[in-house]
Structure formats: structure tokens, C-alpha cells
Amino acid sequence: MTVTIEVIERYLGQTIKDPYGRVIGHVISFYSDSDGNVTSIEISVGETKFMQIPVDRVKLSGDNIVLLPEWQYDAEKVTKRLERLRKRLHAIEDLYTKKEIPRHAYETFKKKLEDELMKVKDHAQKVKETLKKKIHELEDTIIELERAFTSIKMSYIAGEISDKAYKLAAEQLRRHLEYNMAEKEDVKKYVDKIEKLETQPLPIHPRATGKEEEATIPSEEQPLPVVVIEGT
């Protein structure tokens, strides 16, 4: 989707969140081409860190602007490429099976698609490694939050902190636990999706061995057959 200056203007100065509702920072600027199409945005993270983000990492929904995590951005791109190449391979096989394209065209396009698929699979392996590393990071964060929750519960039950203080702290901890658990599940889903796309068998067509395998291309100049029925 093309994002223009007129569209991004309404989000300037607004809070930008991730898909789980966590505040990332604020939209403070943007970069655009000579046609007025936004190519990237600048966001502030806290008071000391600033990031330039490609605009296709951002999703605009009404008054909300959402920043996709880098792992999700990469995972979505690679899964879409895998899906597209597989669909095209199935399409070229289907066309050849139905004799709608000649053998030379079939072999040329199939080789190109298979070469592209190999490259995307190599990239998918790297993305998958990043996703698995992210899962471990999230698991460590969840463990840390669970320990913090245990500590605050222990102090509350022991009567060391007030009910009000406990409720405020517990609410924050619950929310962060939910965020991280939801993100972990989403990362695992992308790993499963990539692995499924990697292992799905590709369509295979037997090599053409004779003229009967060549495509039959209809022509307007081709005469229609005439059947003559003799009278009795």
C-alpha cells in the first residue's frame, strides 16, 4: 500500500505501538520521494533513541499506527515469497500438463522459478534461525517476569506491602506476561508456517518424450472438420 504525505501527516506526534499494544515511541518525522510517497518514518524511542523505519513495516488502521516487530516483518516477507513461488510452480506444471504451453517455455520458466525458490529457501533458513532465537529471548523474559511476580506476591502475602501497591505492580506484571506469551505463540506459528512451506513436495511433471507432449495452440486459420453423412 502506498502511503502519501497527506496520509502520514495525521500520525505525526502520535504514539506508535506494536501489535501487542506495547508503546514503542512516537512518530516524529518521515521521508518521502519526489512524488510525495512516504518511504520511511522516524520514531523516537524513549528520550535518547531514534529509529528510521521502512514504511512497509508500519500498518495504519484508523487513528492507530502499528509497528511490526522486525522478526514479523522478515517472516511475513519470506513466507509470502515462498507461497508465491510455489503457486507459480504449480501453475506452470498445470499449464504444461494441459498442453497449453510449449515444452521450451515450460522448461525455461520452471528452471527460473526453481532457482528463485532455492534462494528464498536459503533466506528462509536464516529467518527461521532468527525466529528461534527470538523464542528463547521471550522465554527468558517470561521467566524473569514470573520470578518478579513471585517476589511481589511473597511480599504481599507476608504483609510487607500494601494492597494498593500490590495491585498496581501485579497489573503491570500480568500485562507484560500476556504481551510476551502472545508474541512467543506468534513467533512459533511463523516457524511452523515456514517449515511447512519448506517441506511441501513440489509438483513434478514427467519429461516430454514425443510430439504428443507438445502444446497444441489453437489457430483461427485451422480448418474445421466436416463430416459427410451419405443418404440411404
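Located above this text is the structure these notes cover.
Residues numbered from 1 in each chain as written. Predicted model: local features only at pLDDT ≥ 70, side-chain atom pairs only at ≥ 80, totals over all residues. Heavy atoms only, no water.

Trainee: Explain the overall build of the protein chain here, please?
Mentor: Broken down by element type, the protein chain carries four helices and six strands. Secondary structure elements of the protein chain, listed N to C terminal, follow the sequence α-β-β-β-β-β-β-α-α-α. Here the protein chain holds 232 residues, and the buried ones make up 31% of them. Residue pairs at least 24 apart in sequence account for 60% of intrachain contacts in the protein chain once pairs closer than 6 positions are excluded. (Helix = DSSP H or I, 4+ residues; strand = E, 2+ residues; numbered from the N terminus. Buried < 20%, exposed > 50% of the residue type's maximum accessible area, 1.4 Å probe, protein only. Contact = heavy atoms within 4.5 Å.)

Trainee: Is there a simple way to think about the nonpolar core in this case?
Mentor: Note on soluble globular proteins: their nonpolar side chains tend to be buried together. Counting 25 residues, the largest nonpolar core has Trp71, Val78, Leu82, Val127, Leu131, Val187 and Ile194 as its most contacted members. Sort the elements by how many residues they give to this core and helix α3 (residues 103-157) lands first, with nine residues. Beyond its immediate sequence surroundings of up to four residues, Leu82 is in contact with Leu117, Val120, Lys121, Ala124, Ile194 and Leu197. With 13 residues, the next largest nonpolar core counts Val3, Ile53, Val55 and Ile65 among its residues. (Core = buried A, V, L, I, M, F, W, Y, C linked by side-chain atoms within 4.5 Å.)

Trainee: Teacher, can you tell me more about the side chain of Arg22 here?
Mentor: Within the element layout of this structure, Arg22 appears in the loop between β1 (15-17) and β2 (23-32). A polar contact is formed between the side chain of Arg22 and the side chain of Asp18, at a distance of 2.6 Å. Side-chain polar atoms of Arg22 contact the side chain of Glu183, separated by 2.5 Å. If sequence neighbours within four positions are ignored, Arg22 has contacts with Ile16, Lys17, Tyr179, Asn180 and Glu183. (Polar contact = N/O pair within 3.5 Å; in protein donor to acceptor, adjacent residues only side chain to side chain.)

Trainee: I would appreciate a short explanation of the packing of α3 against helix α4 (residues 163-199) in the present structure.
Mentor: Each pair of packed helices can be summarised by the angle the axes make with each other and by the distance between the axes. Contact pair α3 / α4: the axes reach a minimum separation of 9 Å and the direction vectors enclose 160°. On the basis of their axis angle, the class for α3 and α4 is roughly antiparallel. For the element pair α3 and α4, the recorded crossing hand is left-handed. (Axes fitted to C-alpha atoms, helices over the stretch in contact; angles between N-to-C directions. Parallel < 35°, antiparallel > 145°, perpendicular 65-115°, else oblique. Left-handed = near helix turned anticlockwise from the far one by under 90°.)

So yeah, pure geometry; function would need other evidence.
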